[in-house]
Amino acid sequence: MAARARLDGLLDAGTFREFIGPEQRRMSPHLPLFDLPRAFDDGMIVGAGRLDGQAVLVAAQEGRFMGGAFGEVHGAKLVGLLRAALARKPAAVLILFDTGGVRLQEANAGETAIAEVMRAIAQVRAAGVPVIGLIGGRAGCYGGGGLIAGTCSRLAVSEGGRISVSGPEVIETNKGAEEFDSRDRALVWRTMGGKHRRLTGGADAFVDDTVAAFRAAALRLIGTAPAFDLATLEAEQARLETRIARFGDCRDGTEIWARLGANDPAAIPAMTTAEFDALLTQLGETTHDAR
């Protein structure tokens, strides 16, 4: 689905109001230098609406425009939305990720935007407003988008969602196919896919790939978002240290799943959402309060 269609389905009917819409034509000043087409909204849709009656601010990336990649205007719109949250104090900020990372044509501006977004999320969370990331787009959540996702209060991901700082092709280009074969789609999903991220604590909910499922997950995660304080940061640091100590020698996702206690790790990729939820309940330890 296009970004606006995802927002319309996620929010209460008729409540979405867009900020800086395409009619204002705030477009990238850099892409014409490379003879590349621009989008009137620069692939970032931001605005306000209601979720089950609660006031929320929302952002959605359009993965069909330059793979949802971050540029100067794209990032600035998200930063502006987060700064608005400090004044409006909504029930939450929802970010619908669909991105391959930073635009190579706007590298410096894009990297700066990533840093500004991460700082803005920290400020919003410190002010008591949860930031919920929803990852189900075709591009996944890569590069700087993966870093931003890591700063969110909570994350929900579907089967199609992937989360990683370095994408498969980037790893292969730099380290060779012997290190990571980007054409091995099963390997990609075992390493970066939604089920793996949920099992290792990189995501807090795994949902069906429907707008209704993401809506239900967003409502649930808003209610369980942790406080953004020293105790939460220390708990998250301890969780990550424990994860490295426990799984650092594993060479494949299936080894991690087996060490978690899954009886048949090889069957996990083909599990339905209901079967996967049952496995999560069985394992138990995939639940945590840190982020």
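Note: the structure precedes this text.
Residues numbered from 1 in each chain as written. Predicted model: local features only at pLDDT ≥ 70, side-chain atom pairs only at ≥ 80, totals over all residues. Heavy atoms only, no water.

**Some details on the overall build of the chain**
In step 1: Looking only at helices and strands, one finds 11 helices and 9 strands in the chain.
In step 2: Seen through its principal axes, the chain has C-alpha atoms that stretch 55 × 45 × 35 Å.
In step 3: Counting only residues that meet the buried cut, the chain has 51% of its 291 residues in that class.
In step 4: By sequence separation, contacts in the chain at least 24 residues apart represent 70% of the contacts at least 6 residues apart.
In step 5: About 13,100 Å² of surface is accessible on the chain, with carbon and sulfur atoms providing 53% of the total. (Helix = DSSP H or I, 4+ residues; strand = E, 2+ residues; numbered from the N terminus. Buried < 20%, exposed > 50% of the residue type's maximum accessible area, 1.4 Å probe, protein only. Contact = heavy atoms within 4.5 Å. Areas by Shrake-Rupley, 256 points an atom, 1.4 Å probe, with all protein chains shown as cover.)

**Let's talk about the nonpolar core**
In step 1: Grouped together as the largest cluster of nonpolar side chains are 45 residues, with contacts concentrated most on Leu-78 and Val-93.
In step 2: If we ignore the near neighbours within four places in the chain, the residues touching Val-93 are Leu-57, Leu-81, Leu-82, Ala-85, Val-124, Val-129, Pro-130, Val-131 and Ile-132.
In step 3: The next biggest cluster of nonpolar side chains, apart from the first, holds 24 residues, and it includes Val-58, Leu-94, Leu-96 and Leu-134. (Core = buried A, V, L, I, M, F, W, Y, C linked by side-chain atoms within 4.5 Å.)

**A few points about the packing of aromatic side chains**
In step 1: Tallied over the full model, the rule gives 1 aromatic pair.
In step 2: Each ring, one from Phe-206 and one from Phe-276, has its centre 4.9 Å from the other, and the planes form 65 degrees; the classification is edge-to-face. Remark: Phe-276 occurs in helix H11 (residues 273-283) and Phe-206 occurs in strand E9 (residues 205-207); sequence separation between them is 70 residues.
In step 3: Classification of Phe-276 as buried rests on a relative accessible area of 0%.
In step 4: Over the ring of Phe-276 we find Lys-195; its NZ or CZ atom is 5.9 Å from the centre of that ring. (Phe/Tyr/Trp six-rings, centres within 6.5 Å; stacked < 30°, edge-to-face > 60°. Lys NZ or Arg CZ within 6 Å of the ring centre and 35° of its normal.)

**A short note on the state of the cysteines**
Put plainly, two cysteines are in a disulfide when a covalent bond ties their sulfur atoms together.
In step 1: Applying the stated rule across the entire model yields 0 disulfides.
In step 2: Free cysteine Cys-152: the closest other cysteine sulfur is in Cys-141, separated by 8.0 Å. (Disulfide = S-S within 2.5 Å.)

**Re the pattern of salt bridges**
Pairing between side chains becomes possible if they bear opposite charge and their charged atoms approach one another.
In step 1: Taken as a whole and assessed by the stated rule, the structure comprises 10 salt bridges.
In step 2: The salt bridge involving Arg-215 is made with Asp-12; its shortest N-O contact spans 2.9 Å. Of this pair, Arg-215 sits in helix H8 (residues 211-224) while Asp-12 sits in the loop between helix H1 (3-10) and strand E1 (17-19); the two residues are 203 residues apart in sequence, bridging distant segments of the chain.
In step 3: What makes Arg-215 partly exposed here is its relative accessible area of 21%.
In step 4: Glu-159 is the salt-bridge partner of Lys-195, the closest N and O atoms lying 3.1 Å from each other. Pair noted here: Lys-195 is in helix H7 (residues 194-199) and Glu-159 is in the loop between strand E7 (154-158) and strand E8 (163-164), with a separation of 36 residues, a long-range link.
In step 5: By relative accessible area, which is 5% here, Lys-195 ends up buried. (Salt bridge = Lys/Arg side-chain N within 4 Å of Asp/Glu carboxyl O.)

**Topic: the sheet that holds E7**
In step 1: Judged by pairing direction, the sheet is mixed, and its 7 strands sit side by side in the order E1-E2-E3-E4-E5-E7-E9 without closing on themselves. Edge positions in the sheet fall to E1 and E9, since each of these pairs with one other strand and no more. When the angles between neighbouring strand axes are averaged without regard to direction, this sheet yields 25 degrees.
In step 2: For strand E4 (residues 92-97) and strand E5 (residues 131-135), the ladder comprises 5 bridges, and the chain directions are parallel. The residue of E5 that forms the bridge with Leu-96 is Leu-134. (Pairing = 2+ DSSP bridges. Axes fitted to C-alpha atoms, helices over the stretch in contact; angles between N-to-C directions.)

**Overview of the layout of surface pockets**
In step 1: Here the largest pocket is characterised by a volume of approximately 1,100 Å³.
In step 2: As for the largest pocket, its lining consists of 32 residues, and the residues nearest its centre are Ser-164, Thr-191, Met-192, His-196 and Arg-197.
In step 3: Those elements that place two or more of their residues in the lining of the largest pocket are helix H4 (144-150), E8, helix H6 (185-192), H7, helix H9 (230-247) and helix H10 (253-260).
In step 4: A per-element tally of the lining of the largest pocket places H9 first, with 6 residues.
In step 5: Tallied by class, residues from the lining of the largest pocket come to 13 nonpolar, 11 polar and 8 charged.
In step 6: Of the voids in this model, the second largest pocket is the one considered here, and its volume is about 450 Å³.
In step 7: Lining of the second largest pocket is provided by 20 residues; of these, Gly-100, Gly-101, Val-102, Gly-143 and Val-170 occupy positions nearest its centre.
In step 8: Those elements that place two or more of their residues in the lining of the second largest pocket are helix H3 (107-126), H4 and helix H5 (168-175).
In step 9: Here the residues of the lining of the second largest pocket sort into 10 nonpolar, 7 polar and 3 charged. (1 Å grid on protein atoms, 1.4 Å probe; cavity = no way out; pocket = protein on both sides within 12 Å on 5 of 7 lines; lining within 4 Å. Points joined across faces, edges and corners; volume = space filled by probe spheres on them. Nonpolar A, V, L, I, M, F, W, Y, C, P; charged D, E, K, R; others polar.)

**A closer look at the environment of Cys-250**
In step 1: Tracing the backbone through its elements, the reader meets Cys-250 in the loop between H9 and H10.
In step 2: Exposure remark for Cys-250: the relative accessible area of 14% places this residue in the buried category.
In step 3: With near-sequence residues (within four places) excluded, Cys-250 lies in contact with Glu-255, Ile-256 and Arg-259.

**Observations regarding the packing of helix H2 (residues 72-88) against H3**
In step 1: Interaxial distance between H2 and H3 falls to 9 Å at its minimum, and their mutual angle equals 15 degrees. Comparing their axes, H3 and H2 come out roughly parallel. Where H2 crosses over H3, the handedness of that crossing is left-handed. Touching Glu-72, Gly-75, Leu-78, Val-79, Leu-82, Ala-85 and Leu-86 of H2 are Ala-109, Ala-113, Glu-116, Val-117, Ala-120, Ile-121, Gln-123 and Val-124, all from H3. (Parallel < 35°, antiparallel > 145°, perpendicular 65-115°, else oblique. Left-handed = near helix turned anticlockwise from the far one by under 90°.)

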